[in-house]
Amino acid sequence: MKKIALLGSTGSIGTQTLDIVDHHPEQYKVVALSAGSRVDELVVQANKYKPVLVSLATKDLADRAAPHLPSGTRVAYGEQGLIDVAASTDADIVVTAIMGSRGLPATMAAIEAGKTIALANKETLVTAGHLVMKRAKERGVSILPVDSEHSAIFQCLNGERAQTVKTVTLTASGGSFRDRTRDELAGVTVEQALNHPNWSMGAKITIDSATMVNKGLEVMEAKWLYDVDYDQIKVLIHPESIIHSYVEFVDNSIVAQLGLPDMRVPIQYALTYPDRQPTPTEPLDLAAIGKLHFREMDYERYPALRLAFQCGRLGQSAPTVYNAANEIAVARFLNGEIAFLDIERILQQVVDRHQVCAVDHIDAIEEIDQWARSVAAKV
Ligand SMILES: NC(=O)C1=CN([C@@H]2O[C@H](COP(=O)(O)OP(=O)(O)OC[C@H]3O[C@@H](n4cnc5c(N)ncnc54)[C@H](OP(=O)(O)O)[C@@H]3O)[C@@H](O)[C@H]2O)C=CC1
Ligand SMILES: CC(=O)[C@@H](O)[C@H](O)COP(=O)(O)O
Ligand SMILES: [Mn+2]
């Protein structure tokens, strides 16, 4: 039986992970859960799965949950609570389904504790990829991708030699505004931006998908997971999200992974790897779909993706700044404080104000992250 610690259990990836557990209850034991502020949902989960530990964002929220938890379940809170959920139990695998670079300390703690990581929390790898991958290697810890594109690439690379990879191509749906020009983006609403054509996801990643920041983060995520150069990473618009990504080899063979857009497939693959099992998802019927479409990426239409490549290539502190500025800009857009196109403006302005420097320690990452957040909150 595999023991799971789940960071972000009340979110989109978190609840889908628990759905996988529900379909194979004999194979999994949920030993720790963390949520942010959805106390009632976490209490229901705790009473169902009876973990030894749960965590919420603040002491107040933890105090509210405490009287309703089963007798064997302890409650923690804040950053230390996340770290404890990630590292202090006998979990075999930690699913990082929390949103944002807030997941970094807990992910590092899980690596220190020798846990396998099922990584959904891409921001952690963007903000500190060199440190996370180095420590995972030193500790002999596997980082298994949950993100659909990276799971696809992982599956395409299975059994292949790294030297034979020519390029990896991340597919992009184009997001909620894929058929609009830039001029047509001026007055778009939060509600419109949250209406992703193919995937039902948390608010932040849905906005990232509309700005193409999500693909920018995924480009950096791919660089760290697969040790490829930025010149080898391509992005292709594929409106149907059926081909989840593909790898081109030196002999011009292309190996792709396909499926209906349902995150339970990559989530389960990270949990069962290297095994495969049936999932509670619909099979893909290509004849019923008939046609798939592709468009070249337009970097003028999606400048945030161009900026992501620039920050990725610059390396050092630049990706940390890109990620943190974006987290704040998206939160401001979701709060109704700024317009959709201001997200890109803020990103560019914060990156422009930053003097790239070496970040050799997690504390340095956190300092730069805080600096970028404070600038992004004001510009
Ligand atoms: N959704 C998807 O299909 C995909 C998501 N991802 C990545 O997975 C990660 C999660 O995304 P998604 O599930 O969509 O996000 P959601 O917003 O749906 O869920 C985020 C989770 O993080 C928790 N959380 C928020 N704030 C805090 C906090 N301060 N302390 C502790 N926990 C907190 C939330 O708790 P609460 O709700 O209780 O506040 C929730 O459980 C992101 O990094 C995203 O990029 C990657 C590929 C696909
Ligand atoms: C499901 C998943 O992995 C998301 O990251 C998804 O890729 C978002 O879709 P687009 O960024 O392609 O719009
Ligand atoms: Mn993705």
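These numbers come from a predicted model, not from an experiment.

**What about the site of ligand 2?**
Inference 1: In the vicinity of ligand 2, the contacting residues are Asp147, Ser148, Glu149, Ala172, Ser173, Gly175, Trp199, Ile205, Ser209, Asn214, Lys215 and Met263.
Inference 2: Contributing elements (two or more residues each) for the shell around ligand 2: α7 (148-157), α9 (203-211) and α10 (213-226).
Inference 3: For the shell around ligand 2, a count of residues per class yields 4 nonpolar, 5 polar and 3 charged.

**A closer look at the nonpolar core**
Inference 1: Formed by 112 residues in total, the largest nonpolar core has its most connected members in Ala86 and Ala325.
Inference 2: In terms of residue count, the dominant contributor to this core is helix α14 (residues 318-334) (9 residues).

**A word on the UniProt feature "binding site: NADPH" (unreviewed entry) in the chain**
Inference 1: Here, UniProt's "binding site: NADPH" (unreviewed entry) annotation points to Thr10, Gly11, Ser12, Ile13, Gly36, Asn121, Glu123 and Gly202.
Inference 2: If you trace the backbone, Gly11 turns up in the loop between β1 (2-7) and α1 (12-23).
Inference 3: Given 24 C-beta atoms within 10 Å, Gly11 falls into the buried group.
Inference 4: Once residues lying within four places of it in the same chain are set aside, the contact partners of Gly11 are Ala97, Met99 and Gly202.
Inference 5: Mapped onto the secondary structure, Ser12 falls in helix α1.
Inference 6: Discounting chain neighbours no more than four positions away, the residues touching Ser12 are Ser200, Met201 and Gly202.

**Some words on helix α2 (residues 39-49)**
Inference 1: Within α2, the full set of buried residues consists of Leu42, Val43, Gln45, Ala46 and Tyr49. For α2, the angular spread of buried residues about the axis comes to 165°, placing them on one side. Exposed residues lying more than 90 degrees from the buried face of α2 are Asp40 and Asn47.
Inference 2: Residue Lys50 follows α2 closely and has a positive phi angle near 50°.

**With respect to the pairing of strand β8 (residues 165-172)**
Inference 1: For β8 and strand β10 (residues 243-249), the ladder comprises 5 bridges, and the chain directions are antiparallel. Its bridge partner lying in β10, Val165 is registered against Phe249.
Inference 2: Judged from the 5 bridges that link them, β8 and strand β9 (residues 233-237) form a sheet pairing that is parallel. Across the sheet, residue Thr171 finds its bridge partner in β9, namely Leu236.

**Structural notes on the UniProt feature "binding site: Mn(2+)" (unreviewed entry) in the chain**
Inference 1: Sequence positions flagged by UniProt for "binding site: Mn(2+)" (unreviewed entry) are, in local numbering, Asp147, Glu149 and Glu218. Separation in sequence by 72 residues is not matched in space for these annotated residues, since their most distant C-alpha atoms are only 8.4 Å apart.
Inference 2: Its location among the elements puts Asp147 in the loop between β7 (143-145) and α7.
Inference 3: Looking at Asp147, the number of C-beta atoms within 10 Å reads 28, which means it is buried.
Inference 4: As for its placement among the helices and strands, Glu149 is situated in helix α7.
Inference 5: With 28 C-beta atoms counted inside 10 Å, the residue Glu149 sits in the buried group.
Inference 6: What Glu149 contacts, discounting residues up to four positions off in sequence, is Leu170, Thr171, Glu218, His244 and Ser245.

**A short note on the site of ligand 1**
Inference 1: Around ligand 1, the structure places 30 residues, and the nearest of them are Gly8, Gly11, Gly36, Arg38 and Gly202.
Inference 2: Elements with a minimum of two residues in the shell around ligand 1: α1, α6 (122-139) and α9.
Inference 3: Split by residue class, the shell around ligand 1 holds 13 nonpolar, 11 polar and 6 charged.
Inference 4: Counting the residues that make up the shell around ligand 1, at least three belong to each of domain 1 (2-145) and domain 2 (160-261 + 285-313).

**Describing the pairing of strand β3 (residues 53-56)**
Inference 1: Neither face of β3 is exposed, since Leu53 and Ser55 on one face and Val54 and Leu56 on the opposite face are all buried.
Inference 2: Pairing between strand β2 (residues 28-34) and β3: 3 bridges, direction parallel. Within β3, the residue paired with Leu33 across the bridge is Val54.
Inference 3: Handedness of the crossover is the feature at issue here: the chain leaves β2, passes through α2, returns alongside β3, and the resulting connection is right-handed.
Inference 4: By the bridge criterion, 4 bridges tie β3 to strand β4 (residues 74-77) in an arrangement that is parallel. Considered in β4, the bridge of Val54 is made with Val75.
Inference 5: For the crossover that starts at β3, traverses helix α3 (residues 59-65) and ends in the parallel β4, the hand is right-handed.

Rules and cut-offs
- Residues numbered from 1 in each chain as written.
- Chains lettered and ligands numbered in written order.
- Predicted model: local features only at pLDDT ≥ 70, side-chain atom pairs only at ≥ 80, totals over all residues.
- Near = placed C-beta within 6 Å.
- Helix = DSSP H or I, 4+ residues; strand = E, 2+ residues; numbered from the N terminus.
- Nonpolar A, V, L, I, M, F, W, Y, C, P; charged D, E, K, R; others polar.
- Core = buried A, V, L, I, M, F, W, Y, C linked by C-beta atoms within 7 Å.
- Buried ≥ 20, exposed ≤ 12 C-beta atoms within 10 Å, placed from the backbone.
- UniProt positions renumbered as here; feature names shortened; annotations may be inferred.
- Contact = placed C-beta atoms within 7 Å.
- Arc of directions from axis to C-beta.
- Pairing = 2+ DSSP bridges.
- Domains from an automatic or database assignment.
- Right-handed = clockwise from strand over helix to strand, strands pointing away.

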